[in-house]
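Structural description and commentary
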Amino acid sequence: MLGCLLQGGCSPLVCLWALMLPLVSLHRLNQHGRRGHIVKDRPKLLLVSFDGFRWDYIDRVPTPNFNSIMDEGVMVKQVESAYITKTFPNHYSLVTGLYAETHGIVANEMYDPVLNQSFSMETDSIYESRWWEEAVPLWVTIQNAGGRSGAAMWPGSDVKIHGMFPNQYLPYNASVSFETRVERIIEWFSATKEEAVDFGVLYWEEPDESGHNLGPQSSLMDVVIAGIDEKLGFLMNELKKAGLYEKVNLIVTSDHGMAQLSTDKIIELDSYVSRDLYTWVDKSPVVGILPKEGKLDEVYGKLVDANPNMVVYKKEDIPEHFHYRHNVRIMPILIEAKEGWTIMQNRTGPFMLGNHGYDNTLRSMQPVFVARGPAFRQHYVKTSMSSVDLYPLMCHILSIHPLPNNGSLFNVKDLLSAEPTPPTASVPPKVEAYSYAPVMGSFIGVVMVLGFLVVYIRQVTLKQLPSIKHRSREMSQPLLQEDLHL
Ligand SMILES: [Zn+2]
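Residues numbered from 1 in each chain as written. Predicted model: local features only at pLDDT ≥ 70, side-chain atom pairs only at ≥ 80, totals over all residues.

In the annotation of an unreviewed UniProt entry, the protein chain is listed under the name AP3A hydrolase and assigned to Dicentrarchus labrax.

Take the overall build of the protein chain next. Broken down by element type, the protein chain carries 14 helices and 18 strands. The burial tally for the protein chain puts 44% of its 486 residues in the buried class. (Helix = DSSP H or I, 4+ residues; strand = E, 2+ residues; numbered from the N terminus. Buried ≥ 20, exposed ≤ 12 C-beta atoms within 10 Å, placed from the backbone.)

A sheet is described by the order of its strands in space; here eight strands give the open sequence S6-S5-S7-S1-S8-S17-S2-S18, paired in mixed fashion. The strands lining the two open edges of the sheet, one partner per strand, are strand S6 (168-170) and strand S18 (380-386). Put simply, the sheet's adjacent strands are angled 15° from each other on average, direction ignored. Sheet topology places strand S2 (residues 74-80) next to S18; six bridges connect them, and they run parallel. (Pairing = 2+ DSSP bridges. Axes fitted to C-alpha atoms, helices over the stretch in contact; angles between N-to-C directions.)

This part covers the confidence of the model for the protein chain. Any segment with low pLDDT has predicted coordinates that should not be analysed in fine detail. Confidence along the protein chain averages 85 in pLDDT terms, with 78% of residues attaining 70 or more. This stretch, residues 424-441, has a pLDDT under 50; its non-local contacts, to residues over four places away or in other chains, come to 26 contacts. Here residues 454-486 is modelled with pLDDT under 50, and outside its nearest four sequence neighbours on either side it reaches 37 contacts, counting other chains as well. (pLDDT = per-residue confidence, 0-100. Contact = placed C-beta atoms within 7 Å.)

Let us now look at the sheet that holds strand S11 (residues 278-282). Pairing within the open sheet is antiparallel, and its four strands lie in the order S11-S12-S14-S13. Since the sheet does not close on itself, it has two edges, and those belong to S11 and strand S13 (310-314), each with one partner. Across the sheet, the mean angle from the axis of one strand to that of its neighbour is 25°, orientation sign disregarded. Two strands pair when backbone bridges link them, and S11 and strand S12 (residues 286-291) are joined in this way by four bridges, in the antiparallel orientation. Paired with Asp-282 across the strands is Gly-288, a residue of S12.

Here the focus is the packing of helix H3 (residues 64-72) against helix H9 (residues 221-241). Relative to each other, H3 and H9 sit at 55°, their axes nearing to 7 Å. Classified by the interaxial angle, the pair formed by H3 and H9 is oblique. Each of Pro-64, Asn-65 and Phe-66 in H3 lies in contact with H9, whose residues at this interface are Asp-229, Leu-232, Gly-233 and Met-236. Among the residues making up the contact of H3 with H9, the classes are represented as four nonpolar, two polar and one charged. (Parallel < 35°, antiparallel > 145°, perpendicular 65-115°, else oblique. Nonpolar A, V, L, I, M, F, W, Y, C, P; charged D, E, K, R; others polar.)

Now for unusual backbone geometry. The peptide bond linking Glu-206 to Pro-207 adopts the cis configuration, its omega dihedral lying at 10°. Among the structural elements, Pro-207 can be located in the loop between strand S7 (199-204) and helix H8 (208-214). With omega at 10°, the peptide bond leading from Ser-284 into Pro-285 counts as cis. Even without being glycine, His-379 reaches a positive phi, approximately 50°. Take His-379: it is sitting in the loop between strand S17 (369-372) and S18.

In this section: the pairing of strand S4 (residues 117-120). Pairing between strand S3 (residues 109-112) and S4: four bridges, direction antiparallel. Pairing of Tyr-111 across the sheet is with Ser-118, part of S4.

So, on to the packing of helix H7 (residues 178-190) against H9. Here H7 crosses H9 at 25°, and the two axes come no closer than 10 Å. Comparing their axes, H9 and H7 come out roughly parallel. Judged by the sense of rotation from one axis to the other, the crossing of H7 with H9 is right-handed. When H7 is examined against H9, the residues Phe-178, Glu-179, Val-182 and Ile-186 are found in contact with a partner set consisting of Lys-231, Phe-234, Leu-235, Glu-238 and Leu-239. When grouped by side-chain class, the residues that make up the contact of H7 with H9 number six nonpolar, no polar and three charged. (Left-handed = near helix turned anticlockwise from the far one by under 90°.)

This is how it looks when you write it as structure tokens:
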């Protein structure tokens, strides 16, 4: 429309009417309530993450339950997780469709120089809303659209985000068994029509914990993997017993893979730079370094060519394809170990035999992905996808508008049993998400009228202006935090 005005393609009166149309639509939306209230029998979706379940674990031992889902549904061979391939960043990417630089959970351990606060999995800081509110997770969006959600231990799901918890959730407690988590999920999906959740998320700590302790190459991991398959079988059986198996779309994936480490592959930072010159923020294998004031170049100079088994970046030089640069919580220096290498300050302290966090293009960092249910094709194998594509896919299945995100439904639409159709409502998601639509509508109207006058004057005074390129609806380029207008 603005392009139409700029190019002189319509009369001023027609354009003014066109500018007022969104106002009319907004008030009409308000009279009828949020779009979510008119969605009947919203499809159901359960997203399950087995932490650290590498893509090829299903090839090591018989996994009849994973195989069953593949036969009845879809599997994706190569899923590229978000960088860095750690637990908190990737679980938040799965439910926001955003890279870590945009959703703000850039690491498991963070320092925010603006807040002058630290975030650590070891402290209650993870329950502070401000860390999470650079993005909106799917459970908040679906609730704003009139749906209901339930969360069993998913990272961030027991934090109040934008004033909201999931309708049903379990406060994080690692001692709660997988079976208990499943029982709660089944209860939530089985409730009365008014109370039943539409979207569920379920998290389990294994096989990540064993992968760290044993190393992924250990034969002892075979038992662990078989045990996860049994747990998946338990979930499938409980869904069947509750009459949910054919109704609920089930997605089983993970946040990252796991690489084998070795005590022969240790990089000791103390050999290269004094601890007095920096603060160590996030841990191996991708280490966030905060140099002391005025020491950036000195620390960088000491590290950059220190060891061939690590790559040292100044923040501004982090490769674009990582989408890991544009956030104050990303430290001024980032050290990335090469696959299988461990960065320590010295050899004292605990050592793990498996780890993740490395370059997200490494095969060892990629997670499993299988899915089944009424929305999915059957017996279909897809070559590759990005984990941020899962968010627009889930929004499509749940019939809600996705918020701006880094993923693409187009990239993954072949997983679906039916070709996606354009959303029926053309209302922007932020408007339906909150109840201040009339106020916003009036504000937008005033801005539009003023904008019209400015543009009209420019149209009269200028002979020709270059056309404006509009951003496509699907974001294929890095989406920065400031694009979200949260
Ligand atoms: Zn993890």
